[in-house]
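Next come the chains, spelled out residue by residue.
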Amino acid sequence: MKKTYRWDNLTSREIAALAEQQAIVLIPTGSTEQHGPHLPVGCDAILATWFAERAAQGLRAQGVPAVVAPTFAVANSMHHMSFAGSMSLRPRTYMKVLQEQCRAIAAHGFRRIAVINGHGGNIAPTKAALVDINLELGFPVYFLEYIVVDEEPFLDTQTGMNHACESETSLMLAYDESLVDPIYRETSGYEGGCTPWEDQGVLHTFHKMEAHTRNGVMGNSCAATREKGEKLADATTKKLVEILSDQRIWQVQV
């Protein structure tokens, strides 16, 4: 069935009409990387796309035109490359490709673009890339995580998202239980840094994932449930729509 909120489902004429309507273009950024023994390597791309689509549908329900651009399924996952199935672009390559995609979208007349991110490794390079992107395009391209609410009230063992954890596993269960291996019920992993200073957020560097966890998990997937995922997904979708429908953000100058 045709999804009229997806860029890749539309004709050229339909996309041109959306540009004339000043539609918001949502770019999902995820990854292809290991997510422990229980989640698919496409987890981040799947969830980023899911939330971008939910947000687009919510915006349209409020009369705000929106469309979801093709997903970045492979981005910056250099720290996961020691685990089988992981794929990555170098950070500079990812930044360049993101700039090229934003340039292509803007070339068709769109002036409202937001990157909906589902992978922690994309945060630093995306923020850096937005300096050149915004200066080149002359309008602000925004960047936000798909989780835009406080997760703690929805979780039992964590305060927020880690990796292949209670939160992420719950969301995948809500999206499609068939993609989650039942071994999640007995899986958990270390969720700290390598030094107390890194745990406190005072010291920053690059580590490979195996410096943090042996099984590729950071958090408690064993505490995940579909019900938690559904509640969290509903809450953050509502907030995404609230943020992106605020006309003030689209009137700001670079």
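You'll find the structure just up there.
All figures in this text were calculated on a predicted structure; none of them were measured in a lab. (Residues numbered from 1 in each chain as written. Predicted model: local features only at pLDDT ≥ 70, side-chain atom pairs only at ≥ 80, totals over all residues. Heavy atoms only, no water.)

*Asks:* A description of the packing of aromatic side chains should follow, citing residues and the corresponding values.
*Replies:* The full count for this structure, using the stated rule, is six aromatic pairs. Ring centres 5.4 Å apart and planes at 65 degrees place the aromatic pair tryptophan 50 and tyrosine 175 in the edge-to-face group. Residue tryptophan 50 is located in helix H2 (residues 43-61), and its partner tyrosine 175 is located in helix H5 (residues 166-175); the two are separated by 125 residues in the primary sequence. Since its relative accessible area comes to 14%, tryptophan 50 is described here as buried. Through successive ring pairs, a cluster of aromatic residues spans Trp50, Phe51, Tyr146 and Tyr175. For arginine 54, the ring lying beneath its charged end belongs to tryptophan 50, and the centroid distance is 4.9 Å. (Phe/Tyr/Trp six-rings, centres within 6.5 Å; stacked < 30°, edge-to-face > 60°. Helix = DSSP H or I, 4+ residues; strand = E, 2+ residues; numbered from the N terminus. Buried < 20%, exposed > 50% of the residue type's maximum accessible area, 1.4 Å probe, protein only. Lys NZ or Arg CZ within 6 Å of the ring centre and 35° of its normal.)

*Asks:* Provide a residue-level description of the side chain of serine 77, including the pertinent values.
*Replies:* On the secondary structure map, serine 77 appears in the loop between strand E2 (66-68) and helix H3 (91-107). At 3.5 Å, the side chain of serine 77 and the side chain of histidine 119 are in polar contact. Ignoring anything within four residues of it in the chain, the contact list for serine 77 reads Ser31, Thr32, Glu33, Met87, Ser88 and His119. (Polar contact = N/O pair within 3.5 Å; in protein donor to acceptor, adjacent residues only side chain to side chain. Contact = heavy atoms within 4.5 Å.)

*Asks:* Tell me about the packing of H5 against helix H7 (residues 226-244), and please be specific about residues and values.
*Replies:* Pairs of packed helices are described in terms of their axes, by the angle between the two and the distance that separates them. Where H5 contacts H7, the axes come no closer than 7 Å and their chain directions differ by 90 degrees. With respect to their mutual orientation, H5 and H7 come out roughly perpendicular. Residues Glu166, Ser167, Ser170, Leu171, Leu173 and Ala174 of H5 form the contact with H7, whose participating residues are Arg226, Lys228, Gly229, Glu230, Leu232 and Ala233. For the contact of H5 with H7, the per-class residue count stands at five nonpolar, three polar and four charged. (Axes fitted to C-alpha atoms, helices over the stretch in contact; angles between N-to-C directions. Parallel < 35°, antiparallel > 145°, perpendicular 65-115°, else oblique. Nonpolar A, V, L, I, M, F, W, Y, C, P; charged D, E, K, R; others polar.)

*Asks:* So, helix H4 (residues 123-137): which residues are in play, and what are the values?
*Replies:* Helix length check: H4, at 15 residues, gives a terminal C-alpha distance of 20 Å against a target of 21 Å (1.5 Å per residue), a fit within 8%. Of all the bends in H4, the greatest, near 30 degrees, is centred on leucine 130. Taken as a whole, H4 has its buried residues at Pro125, Thr126, Ala129, Leu130, Ile133, Asn134 and Leu137. Of the residues one or two after H4, glycine 138 is the one with positive phi, at around 85 degrees. (Expected span 1.5 Å × (residues − 1). Bend = angle between axes of the 7 residues up to and from the residue.)

*Asks:* Before we move on, can you summarise the packing of H3 against H4 with the specific residues and values?
*Replies:* Packing of H3 against H4 leaves a shortest axis separation of 9 Å and a crossing angle of 35 degrees. In the crossing of H3 with H4, the sense of the turn from one axis to the other is right-handed. Only Pro125, Thr126, Ala128, Ala129, Asp132, Ile133, Glu136 and Leu137 of H4 make contact with H3, whose side of the interface consists of Pro91, Tyr94, Met95, Leu98, Gln99, Cys102, Arg103 and Ala106. A class-by-class count of the residues in the contact of H3 with H4 yields 11 nonpolar, two polar and three charged. (Left-handed = near helix turned anticlockwise from the far one by under 90°.)

*Asks:* Any chance you could break down H2 for me, citing the residues and the numbers?
*Replies:* Given 3.6 residues per helical turn, the α-helix brings residues three or four places apart onto the same face. For H2, spanning 19 residues, the distance from its first C-alpha to its last is 27 Å, which sits close to the expected 27 Å at 1.5 Å a residue. Counted residue by residue, H2 has 14 buried out of 19 residues, so it is predominantly covered. The first or second residue beyond H2 is glycine 63, which carries a positive phi of 85 degrees.

*Asks:* Can you tell me about a nonpolar patch on the surface, naming the residues and giving the values?
*Replies:* A contiguous nonpolar surface patch, about 300 Å² in accessible area, is contributed by Val131, Leu135 and Val254. Summarising the element assignment, leucine 135 is placed in helix H4. On the basis of relative accessible area, leucine 135 is assigned to the exposed category, the value being 62%. (Patch = residues over 30% accessible without salt bridge, like charges linked within 9 Å, V, L, I, M, F, W, Y side chains within 5 Å. Areas by Shrake-Rupley, 256 points an atom, 1.4 Å probe, with all protein chains shown as cover. Salt bridge = Lys/Arg side-chain N within 4 Å of Asp/Glu carboxyl O.)

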